[in-house]
Amino acid sequence: MIYGRKPTIRKIISFPFIFSLMSLILFLPLMFPFSSLYAKLIERKVKDKEINISKFAHGLKLLSNRTFLDTSFFLLKSGLETIFHDFARYYIGRNQMLLGIYDGAKKYFLPLTRDTSFPFYDYVLQNLDVISFQEGDRSICEHLEKKEPPRKAIPEIFEIIIFCYLDRMVYLEDRGRLREAREIRDKIKRTLVNYVKNILDPVDYIDYSDRLNRIEDFSLRIFGGPATQFLSPSDREDIAQFLLERGFYDLALKWTQDDFTKSRIYFALQDYDRALNFAEKLTEKITDSKDLERLYVILIFS
């Protein structure tokens, strides 16, 4: 009986079957277009994120080097569409601060105040304090007088602190309250030291080295002479080390009186005769093993 036979492979894989199968393969994307479209959208979304991250990174580089700030603003905005959106807001705000656009900066900083876990939360508040000061609010001075100067902060905060301290010191001196004035003067010295350190080791990784020139201006206004004459020897050497480690060799020479530091600076400047001259004086004085290793390097290669 014909109906009782098992269909053979030849019967199953017939031309109509193959034609139907090929038609299904060819027209499946047309019947269900959203599957391929969804895959393309995912692929495009991933590529867009990669492009945005790349733009954001380039914007950070421009901002860090303090070049093309107008261009960096648009590149930094690309970071808003990435997982780094909060950092993008912070750095856009810093960009606007450096351009003097304080209303624009505030727009980006304020949303960040809602998240106390944000790594730059304290610096967000400091930026808002600077904006308030620039807008004429001097209440920050009263707040600062009750506290020790911060160790880590954006540079503008230290400049405001120095302004507030100077104003207070003059007020006290005019009224004969000299002991209190001297206390403020000591606070200014500590603030200057921290100011230099935070310029050389910035909290938000932006290059603020152009502000180093302001130190002498502040010192002349406050002390009547260069800061190297009025800060303690330990503070001066501390600053010299920071300058040396970050490649500001000529400036480091102005701050240090230490022969070992001078020998290291001259070695870095490839002035080997002077480096050797200072190093030879120290061979019997130095006991620290690390310092001895550095000294021997200077002696060997000079």
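Residue numbers run consecutively from 1 along every chain, following the written order of its sequence. For a predicted model such as this one, the threshold for reporting local features is a pLDDT of at least 70, and the threshold for listing and counting side-chain atom pairs is 80 or more; totals across whole chains, interfaces and linings nevertheless cover every residue. Side-chain calculation: all heavy atoms of the structure are included, whereas hydrogens and water are not.

**A few points about the pattern of salt bridges**
Opposite charge on two side chains permits pairing when their charged atoms draw close.
Here comes step 1: The salt bridge definition used is simple: a Lys or Arg side-chain nitrogen within 4 Å of an Asp or Glu carboxyl oxygen. Going through the model one piece at a time under the given rule, you end up with 13 salt bridges.
Here comes step 2: Here Arg 94 makes a salt bridge to Asp 204, at a shortest N to O gap of 3.4 Å. With Arg 94 in helix 5 (residues 85–98) and Asp 204 in the loop between helix 10 (178–200) and helix 11 (213–223), this pair connects stretches of sequence that are 110 residues apart.
Here comes step 3: Each residue gets one of three labels from its accessible area relative to the maximum for its type: buried under 20%, exposed over 50%, partly exposed in between, using a 1.4 Å probe on protein chains only. For Arg 94, a relative accessible area of 0% translates into the label buried.
Here comes step 4: The salt bridge partner of Glu 245 is Arg 246, with a shortest N-O separation of 3.4 Å. Per the convention used, a helix needs a DSSP run of H or I reaching at least four residues, while a strand needs a run of E reaching at least two, with both numbered from the N terminus.

**A closer look at the packing of aromatic side chains**
Centre-to-centre distance and the angle between the planes together describe a pair of aromatic rings.
Here comes step 1: Pairing of aromatic rings covers Phe, Tyr and the six-membered ring of Trp, with a centre-to-centre limit of 6.5 Å; geometry is then stacked below 30 degrees between planes, edge-to-face above 60, and tilted otherwise. Across all of its chains, the model carries 16 aromatic pairs by this definition.
Here comes step 2: Geometrically, the ring pair formed by Tyr 90 and Phe 120 is edge-to-face, given 4.9 Å between the ring centres and 65° between the ring planes. One end of the pair, Tyr 90, is in helix 5; the other, Phe 120, is in the loop between helix 6 (102–109) and helix 7 (121–134), with 30 residues separating them in the sequence.
Here comes step 3: Look at Tyr 90 and you get buried, because its relative accessible area is 0%.
Here comes step 4: On the basis of relative accessible area, Phe 120 is assigned to the buried category, the value being 7%.
Here comes step 5: A ring pair is formed by Phe 158 and Tyr 195, whose centres lie 6.3 Å apart and whose planes are at 50°; its orientation type is tilted. Here Phe 158, found in helix 9 (residues 155–174), pairs with Tyr 195, found in helix 10; they are 37 residues apart in sequence, far enough to count as distant.
Here comes step 6: The exposure class assigned to Tyr 195 is buried, which follows from its relative accessible area of 0%.
Here comes step 7: Chaining the aromatic ring pairs together yields one cluster made of Phe 87, Tyr 90, Tyr 91, Phe 109, Phe 118, Phe 120 and Tyr 123.
Here comes step 8: Remark: a charge is flagged as sitting over a ring if the NZ atom of Lys or the CZ atom of Arg is within 6 Å of the ring centre and within 35 degrees of the ring normal. Above the ring of Phe 133, the side-chain terminus of Arg 138 is found at 3.9 Å from the ring centroid.

**Description of a nonpolar patch on the surface**
Here comes step 1: Patch membership needs two things, relative accessible area over 30% and no salt bridge, and members are linked within 9 Å if like-charged or within 5 Å if nonpolar (Val, Leu, Ile, Met, Phe, Trp, Tyr). The Shrake-Rupley method, run with a 1.4 Å probe sphere, supplies the accessible areas, and residue values consider only the shown protein chains as cover. Taken together, the side chains of Ile 53, Ile 83 and Phe 84 make up a nonpolar region of the molecular surface, amounting to roughly 290 Å² of accessible area.
Here comes step 2: Along the polypeptide, Ile 83 turns up in the loop between helix 4 (69–77) and helix 5.

**Observations concerning the packing of helix 7 against helix 9**
Here comes step 1: Angles run from 0 to 180 degrees between N-to-C directions of axes, and those axes are lines fitted to C-alpha atoms, restricted for helices to the stretch in contact. Their axes nearest at 9 Å, the elements helix 7 and helix 9 cross at an angle of 45°. One finds that helix 7 runs oblique with respect to helix 9. The way helix 7 lies across helix 9 gives a crossing that is left-handed. The residues of helix 9 that touch helix 7, namely those facing Gln 126, Asp 129, Val 130 and Phe 133, are Glu 156, Ile 157, Ile 160, Phe 163 and Cys 164.
Here comes step 2: Here the contact of helix 7 with helix 9 is built from residues that sort into 6 nonpolar, 1 polar and 2 charged. Each angle is binned into one of four classes, with values under 35 degrees roughly parallel, values over 145 roughly antiparallel, values of 65 to 115 roughly perpendicular, and all other values oblique. Handedness of a crossing follows from how the near helix is turned relative to the far one, being left-handed for an anticlockwise turn of less than a right angle and right-handed for a clockwise one. Working rule for contacts: check all heavy atoms of both residues, and any pair within 4.5 Å makes them a contact. We call Asp, Glu, Lys and Arg charged. Ala, Val, Leu, Ile, Met, Phe, Trp, Tyr, Cys and Pro are nonpolar, and the rest, Gly among them, are polar.

**Section: the confidence of the model for the chain**
Here comes step 1: In the predicted model, the chain carries a mean pLDDT of 84, and the fraction of residues at 70 or more is 82%.
Here comes step 2: Values of pLDDT, which run from 0 to 100, indicate the predictor's confidence residue by residue. A low-confidence stretch, residues 1–19 (pLDDT under 50), is modelled with 3 contacts involving residues beyond four sequence positions or located in other chains.
Here comes step 3: Throughout residues 37–43 the model reports pLDDT below 50, and contacts reaching past four residues in sequence, or to other chains, amount to 0 contacts.

**Structural notes on the side chain of Arg 211**
Here comes step 1: By the element assignment, Arg 211 lies in the loop between helix 10 and helix 11.
Here comes step 2: For Arg 211, a relative accessible area of 7% corresponds to the buried category.
Here comes step 3: Setting aside residues no more than four positions away along its own chain, Arg 211 makes contact with Arg 66, Leu 98, Pro 155, Glu 156, Glu 159, Tyr 195 and Ile 199.

**Here's the deal with the packing of helix 6 against helix 7**
Here comes step 1: Where helix 6 meets helix 7, the closest approach of the two axes is 10 Å, and the angle between their N-to-C directions is 150°. Put simply, helix 6 runs roughly antiparallel to helix 7. You can see that helix 6 and helix 7 cross each other, and the crossing is left-handed. Together, Tyr 102, Ala 105, Lys 106 and Phe 109 of helix 6 and Val 124, Asn 127, Leu 128, Ile 131 and Gln 134 of helix 7 make up the contact between the two elements.

**Here's the deal with the environment of Asn 52**
Here comes step 1: Mapped onto the elements, Asn 52 comes out in helix 3 (residues 33–64).
Here comes step 2: Since its relative accessible area comes to 17%, Asn 52 is described here as buried.
Here comes step 3: In sequence terms Asn 52 and Thr 82 are 30 residues apart; their C-alpha atoms lie 6.9 Å from each other.
Here comes step 4: If sequence neighbours within four positions are ignored, Asn 52 has contacts with Ser 78, Gly 79, Glu 81 and Thr 82.

**A look at the nonpolar core**
Here comes step 1: In plain words, nonpolar cores are sets of buried Ala, Val, Leu, Ile, Met, Phe, Trp, Tyr and Cys residues tied together by side-chain atoms within 4.5 Å. By size, the foremost hydrophobic cluster in this structure holds 66 residues, and its most contacted members are Tyr 90, Phe 109, Ile 215, Ile 222 and Trp 255.
Here comes step 2: For this core, the element with the most residues is helix 9, which contributes 10 residues.
Here comes step 3: Discounting chain neighbours no more than four positions away, the residues touching Ile 222 are Ile 162, Leu 166, Met 169, Arg 185 and Ile 188.
Here comes step 4: Counting 10 residues, the second-largest nonpolar core is a separate cluster that includes Tyr 266, Ala 275, Ile 286 and Leu 295.

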